[in-house]
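# Tertiary structure, described
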Amino acid sequence: MTLRPRLLAVAQARLGNRALAEDLVQDTWIRLETAQSDSGIANAAGFVSQVTKNGIRDHFRKERRRAEIDAEVQDLLWEQTDEVSAERAVMGRDMLARVQAALEELPEKTRRIFLLNRIDGVPHRKIAQRLEMSDEAVYYHIRRALEHLADLRDAMND
């Protein structure tokens, strides 16, 4: 197809994406092949150009509709989660107090290692070096704290 480089350049300039432009030109070629077998086309170059332009227009229409749907979904999701009722605030404070109490129940070393890792973001290896212990021991303490918090969660859900 001698028009291919020109069509590809036009599509890429409008779409700003070479891969997308390649797909669109390929779709145009398929439509041309189908149309030629169904009926004779007097001006193949004009037909191909028009099909390419229509494909670009359709792409932008679909993208605009996807953006509208995404915005509607975001509005629905965030509208519900952004509103914090007084009841939810009280429940959150109660949950925080329970978690703090559960952490206080842990041995000092386990609590310290857990907080260093999960709150301060210190990696296992650095904690191990700082406290002069093995990576496995750090892992054990963190796992122990997580199991304790999981027990709390399970008790609250019962």
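Residues numbered from 1 in each chain as written. Predicted model: local features only at pLDDT ≥ 70, side-chain atom pairs only at ≥ 80, totals over all residues. Heavy atoms only, no water.

## Here's the deal with the packing of helix 5 (residues 108-118) against helix 7 (residues 135-157)
Helices that pack against each other are described as a pair by the angle of their axes relative to one another and the distance between those axes. Contact pair helix 5 / helix 7: the axes reach a minimum separation of 8 Å and the direction vectors enclose 90 degrees. Between helix 5 and helix 7, the angle falls in the class roughly perpendicular. Facing Lys109, Thr110, Ile113, Phe114, Asn117 and Arg118 of helix 5, the residues of helix 7 in contact are Val138, His141, Ile142, Arg144, Ala145, Leu146 and Leu149. Per-class residue counts for the contact of helix 5 with helix 7 are seven nonpolar, three polar and three charged. (Axes fitted to C-alpha atoms, helices over the stretch in contact; angles between N-to-C directions. Helix = DSSP H or I, 4+ residues; strand = E, 2+ residues; numbered from the N terminus. Parallel < 35°, antiparallel > 145°, perpendicular 65-115°, else oblique. Contact = heavy atoms within 4.5 Å. Nonpolar A, V, L, I, M, F, W, Y, C, P; charged D, E, K, R; others polar.)

## A closer look at the layout of surface pockets
Estimates place the volume of the largest pocket at around 210 Å³. Mapped onto the lining of the largest pocket, the elements with two or more residues apiece are helix 2 (18-38) and helix 3 (44-82). With seven residues, the single largest contributor to the lining of the largest pocket is helix 3. In terms of residue class, the lining of the largest pocket is made up of three nonpolar, three polar and seven charged. (1 Å grid on protein atoms, 1.4 Å probe; cavity = no way out; pocket = protein on both sides within 12 Å on 5 of 7 lines; lining within 4 Å. Points joined across faces, edges and corners; volume = space filled by probe spheres on them.)

## What to know about the side chain of Arg111
Residue placement: Arg111 occurs in helix 5. For Arg111, a relative accessible area of 13% puts it in the buried group. A distance of 3.2 Å separates a polar side-chain atom of Arg111 from the backbone oxygen of Leu103. Apart from the residues within four sequence positions on either side, Arg111 is in contact with Leu103, Glu104 and Leu106. (Buried < 20%, exposed > 50% of the residue type's maximum accessible area, 1.4 Å probe, protein only. Polar contact = N/O pair within 3.5 Å; in protein donor to acceptor, adjacent residues only side chain to side chain.)

## Notes on the nonpolar core
Where a protein is soluble and globular, its nonpolar side chains tend to be buried together. Counting 16 residues, the largest nonpolar core has Ile113, Phe114, Ile127 and Val138 as its most contacted members. Of all the secondary-structure elements, those providing two or more residues to this core are helix 4 (86-105), helix 5, helix 6 (124-131) and helix 7. With five residues, the single largest contributor to this core is helix 7. Look past the residues within four positions of Val138 in its chain and what remains in contact with it is Ile113, His124, Ile127, Ala128 and Met133. Counting eleven residues, the second-largest nonpolar core is a separate cluster that includes Leu8, Ala11, Leu15 and Leu32. (Core = buried A, V, L, I, M, F, W, Y, C linked by side-chain atoms within 4.5 Å.)

## Quick word on the pattern of salt bridges
Scanning all chains against the criterion turns up ten salt bridges. Linking Arg153 and Asp154 is a salt bridge whose minimum nitrogen-to-oxygen distance equals 3.2 Å. Classification of Arg153 as partly exposed rests on a relative accessible area of 48%. Judged by its relative accessible area of 36%, Asp154 falls in the partly exposed class. Connected via shared salt-bridge partners are Arg4, Arg18 and Glu22. (Salt bridge = Lys/Arg side-chain N within 4 Å of Asp/Glu carboxyl O.)

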